[in-house]
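Inside the fold
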Amino acid sequence: MRRFWIDTDTASDDAVAILMALRTPDVVVDGISVVSGNVPVEMGTRNALYTVELCGKQTPVYSGIDRPLLREPSYAYFFHGPDGMGGMNYPEPAGAEDKVHAVDAFIDAVRGSPGEITLVILGPLSNIASAVRIAPDIADKIPMCYVMGGAAACLGNMTPAAEFNIWADPDAARIVFHSGIPILMVGWEHCRGEANLDDDDMAFVRSLNTPYADFTLDCNESAIKTNREWLGDPGLALPDPVTMAIALDPEVCTKRGKHFVDVETISDLTRGMTVVDELGVLNKEPNIEVCWEINIPLWKETLYTTLRDE
Ligand code: BDR
Ligand code: CA
């Protein structure tokens with residue numbers, strides 16, 4: 001069995017990514033740590049718990065850092081809806097989060113199983129930055145980390161230069177990017193255009209007629225509307241599920257390269273920009289693998305596989 005840990009600011013596309021991992025038969029999710037991001041950490045924790053219960057699992061959910069390390073929080077209700085879940089007002093989860101703090105739980109999990117737990121980060125990097133500051137030894141014990149974050153080709157959704165997860169806590173992202181953890185950065189550009197679920201794709205998802213397929217579309221109702229109206233894109237953008245698809249099947253990423261990548265933390269204009277030295281002009285040691293291209297049909301098939309009945 002492959003072992004995963006998911007760090008998430010659980011709103012609607014995070015929920016689908018969590019569902020994908022929980023419904024992959026050869027993957028065990030050791031824990032889900034929640035962080036402030038698209039929604040406050042309490043709301044994200046509730047959304048993560050609801051998703052775990054929908055999948056019939058008992059995966060522990062841990063609540064974590066409740067604000068960026070040095071900045072004010074900024075939520076994304078306009079995109080994900082007032083509950084982060086498309087305004088669906090899902091019932092309260094039956095269970096509660098684990099009492100251990102997310103950062104402590106993550107450190108203990110990695111130290112307890114060195115080299116075994118793949119990390120998938122779907123929100124701002126405040127939890128993981130805190131973990132590597134408290135316990136720098138964990139960097140060597142994480143075999144691979146997939147980060148939904150940044151914009152390698154430099155088209156941001158928060159500013160022209162920056163994507164939300166990195167913009168929200170750039171100081172944390174910078175710490176993690178220089179921590180020595182092996183990282184594949186999956187930028188926001190990979191969920192746009194043809195990588196959206198268009199009307200035909202969404203009709204196909206609905207035709208699967210499972211609670212997981214319905215959940216995928218329902219909780220993203222607000223995201224679909226905003227994505228179309230704001231960006232003029234064809235349908236549903238799923239940045240976190242694209243990243244999870246790559247974590248589940250690395251073949252989904254068809255072109256990658258290791259480069260020196262840094263995060264801008266000083267300028268107001270380019271706060272949170274992921275600066276990729278693609279040409280190596282800085283002569284610095286490459287620290288991050290960057291995903292440059294994905295196989296779009298394979299990404300969608302990887303999603304659909306997890307939405308079907310067993
Ligand atoms: C990121 O922000 C959220 O909308 C998604 O969950 C993803 O983590 C994309 O910029
Ligand atoms: Ca997210």
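Description of the structure in this document. (Residues numbered from 1 in each chain as written. Chains lettered and ligands numbered in written order. Predicted model: local features only at pLDDT ≥ 70, side-chain atom pairs only at ≥ 80, totals over all residues. Heavy atoms only, no water.)

1. Brief notes about the packing of helix H4 (residues 102-112) against helix H5 (residues 126-134)
Where H4 meets H5, the axes come as close as 9 Å, and the angle between the chain directions of the two elements is 60°. Taken as axis vectors, H4 and H5 run oblique relative to one another. For the crossing formed where H4 meets H5, the hand is right-handed. Across from Ala 102, Val 103, Phe 106 and Ile 107 in H4, the residues of H5 making contact are Asn 127, Ile 128, Ser 130, Ala 131 and Ile 134. (Axes fitted to C-alpha atoms, helices over the stretch in contact; angles between N-to-C directions. Helix = DSSP H or I, 4+ residues; strand = E, 2+ residues; numbered from the N terminus. Parallel < 35°, antiparallel > 145°, perpendicular 65-115°, else oblique. Left-handed = near helix turned anticlockwise from the far one by under 90°. Contact = heavy atoms within 4.5 Å.)

2. A short note on the coordination of the calcium ion (ligand 2)
Note on the calcium ion (ligand 2): its protein donors are Asp 9 (OD), Asp 14 (OD), Asp 14 (OD), Leu 122 (O) and Asp 240 (OD). The metal-donor distances range over 2.3 to 2.5 Å. Donor residues binding the calcium ion (ligand 2) come from one chain and are separated in sequence as D-x4-D-x107-L-x117-D. Of this pair, Asp 14 sits in helix H1 (residues 12-22) while Asp 240 is found in helix H11 (residues 239-248), placing the two residues 226 residues apart along the sequence. Owing to a relative accessible area of 0%, Asp 14 belongs among the buried residues under this scheme. Note on Asp 240: relative accessible area 2%, which makes it buried. (Donors = N, O, S within 2.8 Å, 3.2 Å for Na, K, Ca; no water. Buried < 20%, exposed > 50% of the residue type's maximum accessible area, 1.4 Å probe, protein only.)

3. Points about a nonpolar patch on the surface
On the surface, Leu 279, Val 281 and Leu 282 cluster together into a nonpolar patch covering about 350 Å² of accessible area. Relative to the helices and strands, Leu 282 is located in the loop between strand E8 (274-277) and strand E9 (288-294). (Patch = residues over 30% accessible without salt bridge, like charges linked within 9 Å, V, L, I, M, F, W, Y side chains within 5 Å. Areas by Shrake-Rupley, 256 points an atom, 1.4 Å probe, with all protein chains shown as cover. Salt bridge = Lys/Arg side-chain N within 4 Å of Asp/Glu carboxyl O.)

4. Thoughts on the pattern of salt bridges
Side chains that differ in charge, positive against negative, can pair when their charged atoms come close. Scanning the model with the defined rule gives 16 salt bridges in all. Across the pair Arg 174 and Asp 262 runs a salt bridge whose closest N-O atoms are separated by 2.9 Å. Of this pair, Arg 174 sits in helix H7 (residues 170-177) while Asp 262 sits in strand E7 (residues 253-263); the two residues are 88 residues apart in sequence, bridging distant segments of the chain. With relative accessibility at 17%, the residue Asp 262 sits in the buried group. Linking Asp 233 and Arg 192 is a salt bridge whose minimum nitrogen-to-oxygen distance equals 3.0 Å. Placement of Asp 233 in the loop between helix H10 (221-231) and H11 and of Arg 192 in the loop between strand E6 (183-186) and helix H8 (199-207) is noted, with a sequence separation of 41 residues between them. Residue classification places Asp 233 among the buried residues on the basis of a relative accessible area of 11%. Counted as one network, the salt bridges with shared partners bring together Arg 3, Asp 30 and Glu 116.

5. Some points on the sheet that holds strand E4 (residues 117-121)
Taken together, nine strands build an open sheet; the order of strands is E3-E2-E1-E4-E5-E6-E9-E7-E8 and the sheet is mixed. Two strands close off the open sheet at either side, each with one partner strand: strand E3 (61-63) and E8. Strand after strand, the sheet turns through a mean of 30° between neighbouring axes, direction not considered. Pairing of E7 with E9, which is carried by six bridges, proceeds in the antiparallel orientation. What sits directly across from Cys 253, in E9, is Ile 294. Running at roughly 110° to E7, H7 makes contact with E6, E7, E8 and E9 of the sheet. (Pairing = 2+ DSSP bridges.)

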